[in-house]
Amino acid sequence: MTSSDSSTAPTQTPNSDPAAILQAAATAPFGTVFGEVMSVARVDDGGWTAPSLESLASFSLHPGTHALHYGSSCFEGLKAHRTIDGGIRPFRPDKHAARLQQSCGRLLLPPPPTELVTELIDMAVAANASVTPPAPGSLYLRPTMLGTDITIGAAAYPSHSAILYVLACPVGDYLPPRPLTIVVETEIPRTTPQFGVVKTGANYAMALGRIDRARREHQADQVLFAPDGIVQETGAANVLLLDGEHLVTPELTDAFLHGVTRDSLLQVARSLGWKVEERTVTVDDCIEWAQRPGAEVGLMGTAAVIAQVGTLVIGDRRIDLATRDAADSKLVELRRTLGEIQTGARSFTFA
Ligand SMILES: Cc1ncc(COP(=O)(O)O)c(C=O)c1O
């Protein structure tokens, strides 16, 4: 099924006051206003249930639920965009389904079939169409998987049962109001090597201490993890260096999350004829790059697409990057181009 297929109409109460929800979303922090419908499927030894729609409401979990004790949970984050032909299209849902399956694989959770994930996404999009803002806003979707075996004696065993649900949040253009300040952390990685490619809450919890410290001590926005001087990613985004039409980003390893935005932007940059290098990036590379006149550093992720970095804090040094006019910024051009693809204003086929 696709989001334009009306055969799966919501069976529960639709969004009660779409205008109020959209209005609230226009000013509220990202991810705090929700569409009132979610799509849900469950799995146990008997296999997956058919996907269904449910009204968004608190649901009960037994206090001994596996996910609450042993971290058997993972999630995805993607957006659905209103397109110029009047539809609403989720961006690269297959790619997110594949990453969810990969996360489930590492957590030994039952991996949901691709068609199930994309159908749940399409159902959530269709059911929340009335609260999907026009571009540059979008509907942010959060497929979430929780291991639901009821046991506190299974620390060394996976959960066989699970729930998979897709939350929907109307969101505006998530562009930070100013270029970001990033602290470069060279002592510890963001997470463990076996969990680098897993989108699970434990990874965010592990990074939180350093991010909180960077905020308090340097008024920073985020931390770039670069253990032993090798750049991985920030707490919630991949990193890129741009010098004109030359783009450099760390090559994919198991140490960090393989961003769908990263993959998409690299494909777009290559299609524009830019030089794209995926290679080991060191902190020294970042220092050298940040001091080049006109070079840009950005963070890539679903929420902001690309957020510009204005200051790198490395040890005692603060390096302010030269600012560029939007009209002159390749980073802005790349972001705009992906936005045009997402809304169908520009055609592009991703590999
Ligand atoms: C740790 C981390 N790295 C990278 C990304 C970027 O991934 P994507 O582009 O798929 O949103 C995210 C965002 O979800 C993230 O949380």
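Treat the numbers as computed from the prediction; the structure is a model and nothing was measured.

Undergrad: So what about the site of the ligand? Which residues, and what values?
TA: Lining the immediate surroundings of the ligand are 17 residues, of which Lys199, Tyr204, Glu233, Thr261 and Thr302 lie closest. Within the side chain of glutamate 233, an N or O atom sits 2.6 Å from a nitrogen atom of the ligand. Within the backbone of valine 260, one N or O atom sits 2.8 Å away from an oxygen atom of the ligand. Elements that contribute at least two residues to the shell around the ligand include exactly helix H3 (93–107), helix H6 (260–271) and strand E15 (296–301). Each residue belonging to the shell around the ligand can be placed in one class, and the counts come to 6 nonpolar, 7 polar and 4 charged.

Undergrad: Could you give me a rundown of the environment of cysteine 286, with the residues and numbers involved?
TA: Mapped onto the fold, cysteine 286 is located in helix H7 (residues 283–290). Note on cysteine 286: relative accessible area 4%, which makes it buried. Distance from cysteine 286 to leucine 266, taken between C-alpha atoms, is 19 Å for residues 20 residues apart in sequence. Each residue touching cysteine 286, except ones within four places of it in the same chain, is listed here: Val231, Leu241, Val281 and Leu312.

Undergrad: Explain unusual backbone geometry residue by residue, including any values.
TA: Negative phi characterises most residues that are not glycine, and trans characterises most peptide bonds. Here alanine 135 and proline 136 are connected by a cis peptide whose omega angle stands at 10°. Relative to the helices and strands, proline 136 resides in the loop between helix H4 (114–127) and strand E7 (138–147). For glutamine 219, which is not glycine, the phi torsion reads 50° and is therefore positive. Relative to the elements of secondary structure, glutamine 219 occurs in the loop between helix H5 (201–218) and strand E10 (222–225). We note that aspartate 228 has phi near 55°; this positive angle belongs to a residue other than glycine. Looking at the element boundaries, aspartate 228 is found in the loop between E10 and strand E11 (233–234).

Undergrad: How would you summarise the pattern of salt bridges if you had to cite specific residues and measurements?
TA: Scanning all chains against the criterion turns up 19 salt bridges. Of the charged contacts in the structure, one is a salt bridge between glutamate 76 and arginine 99, with a shortest N-O distance of 2.8 Å. Note that glutamate 76 is positioned in the loop between strand E4 (73–75) and strand E5 (78–82) and arginine 99 in helix H3, a separation of 23 residues in sequence. One exposure class covers both glutamate 76 and arginine 99, and it is buried. For glutamate 277, the salt bridge is made with arginine 279, and the minimal N-O distance between the two is 3.1 Å.

Cut-offs used in this document
Residues numbered from 1 in each chain as written. Predicted model: local features only at pLDDT ≥ 70, side-chain atom pairs only at ≥ 80, totals over all residues. Heavy atoms only, no water. Near = heavy atom within 4 Å. Polar contact = N/O pair within 3.5 Å; in protein donor to acceptor, adjacent residues only side chain to side chain. Helix = DSSP H or I, 4+ residues; strand = E, 2+ residues; numbered from the N terminus. Nonpolar A, V, L, I, M, F, W, Y, C, P; charged D, E, K, R; others polar. Buried < 20%, exposed > 50% of the residue type's maximum accessible area, 1.4 Å probe, protein only. Contact = heavy atoms within 4.5 Å. Salt bridge = Lys/Arg side-chain N within 4 Å of Asp/Glu carboxyl O.

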